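Residue-level listing of the chains:
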Amino acid sequence: MINKQKFFFYSLFIGLFATLTMCGSCNRDNGQADDERYIEEGKQLAQKHCSTCHQAPDASLLDKATWDKGVLPAMAAKFGIRPFMGDYLVYSSSAISNADWHKIVMYYKGAAPDKLLIPKPNAVKDWAIFSLKRPAKVDTTDGMAMTTMVAFNPNDKSFYTGGAGDKLYKWDSNLNATVVKKFQSPVVDADFFKTDANPNGAIITCIGVLPPNDQLKGKLISINLSSKLKGKDSVLITDSLPRPAKSAYVDFNKDGLMDYVSCGFGHNKGGLFLVQQQPAHQFTKKIIRAMPGPSQLYIDDYNHDGWPDIVCLFAQADEGVWLFLNDKKGGFTTQNLVHFPSVYGSSSFQFIDFNNDGKPDILYTCGDNNDYSPIFKPYHGVYIFTNQGNWKFKQTYFYHINGCSKAIATDFDHDGDLDLAVIAFFPDFKYHPTEGFTYHEQTSPGKFKVHEIPVNPYGRWLAMDVNDIDGDGNMDIVLGNFSVGAKGLINQKDYNPNWDMYSPITVLHNTIKKKH
């Protein structure tokens, strides 16, 4: 038996020997050929091993330094490999051999570019059709603004916000806020409904613990927003959810009882959950897809068979949009619609028909930039994938935005086509802060004029909703300010935030005159 200390140095020697052997081959006459062979073998091994958990990322997606110092050490841990003094210790219990792992390392460090080329902006800086509206009074008792949700309620024509202070606020058209209720954790989603028994109801999603974690502390709660009976205004639907981010409701099995589905984002663990109501009005919870990262979903009858289906964005590790078709037996059949590499940082999507052909298209953003590769990326931004039929999608629009986090499509200018409102939580704060909010005006089918609205001094936008909040017939935009710029939430060194740290919301009032 080899004791632990001897095995440690034996593993170190093997790792260094493999690396030196590969590097030493460069000094031989056939060194370049060997080097290219190792890189090609490493690429094939990366495709084989990395694709078991997510779409394998190509080396070209990050620069050499980011692979070396950020992503490869994180990848190593997934295989049971330990970084050590610039190299790696591969154990007998590791999920990959020492030689194969070092070939993967050589591929990513050898084939990656020294630097990523970032597209230059092609936008005008103006207020377009919007004017600025801000609250006259701000409640600072919760400290700095950390708005986690903005949602418009069609039942009472008000919009609501949640934040890290665990309170749910109601806002009127004059931007005056009142506290509706304080929950046990931050409110990150509200899905409104109306019934005879509850004419102003909402399904509230409480995330549990806000920073990345796998704790089962999230809750789904039904509330009567008009109730005066404090303490009796809400009912717990389910708890023990892993960091839920979004929820929705429908009667999935047609038994006359409302069911729910919730995105348990989690961190390393998570899943899309079905919460089904039983005849005794109890709820059972089962998992639809056991993967972390579900963040947004829509419910509709997408295959026109009379039964409700689900489409959901998964934004962690195995990134992409999945369709879940109701099998009419209490379950779903799963189909991937679009798939993205794990370094993309998927952040939002909308399932909406852009070209009026009767088929839903995908509006998608990526730009989550707070993991192992916090650098500006040329593929961050807003995309449109057009439905080609038979659930096949083709990219038809892309505009680069650093740290892009959410997009919403609607007809802001009343010209009959869809425009875009887009926010970025990780923009280039130092040199290009106005990319934090952009308005994409569709000027002809599939063509957009991009406006950078200079709203950046008033906050850092994590949440957004679009609706006619003042009843003038125009769609307005409410931006939720998550003002914190703590270490790890800003990727640019020596930058001090210069935006408003306390106002929880800012409104872009749509001033356009309706066309007749």
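Residues numbered from 1 in each chain as written. Predicted model: local features only at pLDDT ≥ 70, side-chain atom pairs only at ≥ 80, totals over all residues. Heavy atoms only, no water.

> For this particular structure, what's the right way to read the pairing of strand 7 (residues 167-171)?
Side chains on a regular strand alternate between the two faces of the sheet. With four of five residues buried, strand 7 is to be regarded as a mostly interior element. As paired elements, strand 6 (residues 158-163) and strand 7 share four bridges and run antiparallel to each other. Pairing of Thr 161 across the sheet is with Tyr 169, part of strand 7. Where strand 6 folds back onto strand 7 in an antiparallel hairpin, the turn is made up of three residues, including Asp 166, whose phi is positive at roughly 75°. (Buried < 20%, exposed > 50% of the residue type's maximum accessible area, 1.4 Å probe, protein only. Helix = DSSP H or I, 4+ residues; strand = E, 2+ residues; numbered from the N terminus. Pairing = 2+ DSSP bridges.)

> Looking at this structure, how should I read the packing of aromatic side chains?
Any pair of aromatic rings gets described here by the distance separating the centres and the angle formed by the planes. Throughout the structure, instances matching the rule amount to 32 aromatic pairs. Ring centres of Phe 193 and Tyr 249 lie 6.0 Å apart, and the angle between their planes is 75°; on these two criteria the pair is classed as edge-to-face. Residue Phe 193 is located in strand 9 (residues 187-193), and its partner Tyr 249 is located in strand 13 (residues 244-250); the two are separated by 56 residues in the primary sequence. What makes Tyr 249 partly exposed here is its relative accessible area of 25%. Ring centres of Tyr 302 and Phe 351 lie 5.1 Å apart, and the angle between their planes is 80°; on these two criteria the pair is classed as edge-to-face. Taken together, the residues Tyr 302 in the loop between strand 17 (294-300) and strand 18 (309-314) and Phe 351 in strand 21 (residues 346-352) connect sequence positions 49 residues apart. (Phe/Tyr/Trp six-rings, centres within 6.5 Å; stacked < 30°, edge-to-face > 60°.)

> I would appreciate a short explanation of the side chain of Asp 361 in the present structure.
Relative to the helices and strands, Asp 361 resides in strand 22 (residues 361-366). Setting aside its immediate chain neighbours within four residues, Asp 361 contacts Gln 350, Phe 351, Ile 352, Asp 353, Phe 354, Asn 355, Phe 385, Thr 386, Asn 387 and Phe 393. (Contact = heavy atoms within 4.5 Å.)

> Which parts of the structure should I look at to understand the nonpolar core?
In a soluble, globular protein the nonpolar side chains are often hidden away together inside. Within the largest apolar cluster, 49 residues are counted, with the highest numbers of intra-cluster contacts made by Met 75, Trp 101, Tyr 108, Leu 337, Phe 351, Ile 362 and Tyr 364. Looking at this core element by element, the count peaks at six residues for helix 4 (residues 98-111). Each of domain 1 (32-111) and domain 2 (124-510) gives at least three residues to this core. Apart from the residues within four sequence positions on either side, Tyr 108 is in contact with Ala 46, Cys 50, Pro 57, Asp 58, Ala 59, Trp 67, Leu 72 and Met 75. (Core = buried A, V, L, I, M, F, W, Y, C linked by side-chain atoms within 4.5 Å. Domains from an automatic or database assignment.)

> Would you mind showing me how to read the sheet that holds strand 7 here?
Paired through their backbone hydrogen bonds, the strands of a sheet run either parallel or antiparallel. Read from one edge of the open sheet, four strands run 5-6-7-8, paired in antiparallel fashion. One side of each edge strand has no neighbouring strand; the edge strands of this open sheet are strand 5 (147-153) and strand 8 (177-182). Put simply, the sheet's adjacent strands are angled 25° from each other on average, direction ignored. In this structure, strand 7 lies alongside strand 8, joined through five bridges in antiparallel fashion. The residue of strand 8 that forms the bridge with Tyr 169 is Val 179. (Axes fitted to C-alpha atoms, helices over the stretch in contact; angles between N-to-C directions.)

> Looking at this structure, how should I read the environment of Ala 77?
In this fold, Ala 77 is placed in helix 3 (residues 64-78). For the pair Ala 77 and Gly 389, spaced 312 residues apart in sequence, the C-alpha to C-alpha distance is 41 Å.

> Honestly, the packing of helix 3 against helix 4 in this entry has me stumped. Any pointers?
Helices that pack against each other are described as a pair by the angle of their axes relative to one another and the distance between those axes. Two elements in contact, helix 3 and helix 4, have axes whose closest approach is 9 Å; the angle formed by their N-to-C orientations is 150°. Viewed along their axes, helix 3 and helix 4 adopt a mutual orientation that is roughly antiparallel. Of the two possible hands of crossing, helix 3 and helix 4 adopt the one that is right-handed. Contact with helix 3, carried on its side by Lys 64, Trp 67, Asp 68, Leu 72, Met 75 and Ala 76, involves Trp 101, Ile 104, Val 105, Tyr 108, Lys 109 and Gly 110 of helix 4 and no other residues of that element. (Parallel < 35°, antiparallel > 145°, perpendicular 65-115°, else oblique. Left-handed = near helix turned anticlockwise from the far one by under 90°.)

> How should I be thinking about the domain arrangement of the protein in this particular structure?
Interface extent is often summarised as the accessible area lost during association of the parts. Partitioning the protein into structural domains gives domain 1 (32-111) and domain 2 (124-510). The straight-line distance from the C-alpha centre of domain 1 to that of domain 2 is 35 Å. Contacts between the two partners involve twelve residues from domain 1 and, on the opposite side, 15 residues from domain 2. Of the roughly 1100 Å² buried where domain 1 meets domain 2, counting both sides, 66% is carbon and sulfur surface. The largest per-residue losses of area from domain 1 upon contact with domain 2 belong to His 54, Gln 55 and Leu 61, which jointly make up 48% of the total buried on that side. (Buried area = accessible area lost by both parts, 1.4 Å probe.)

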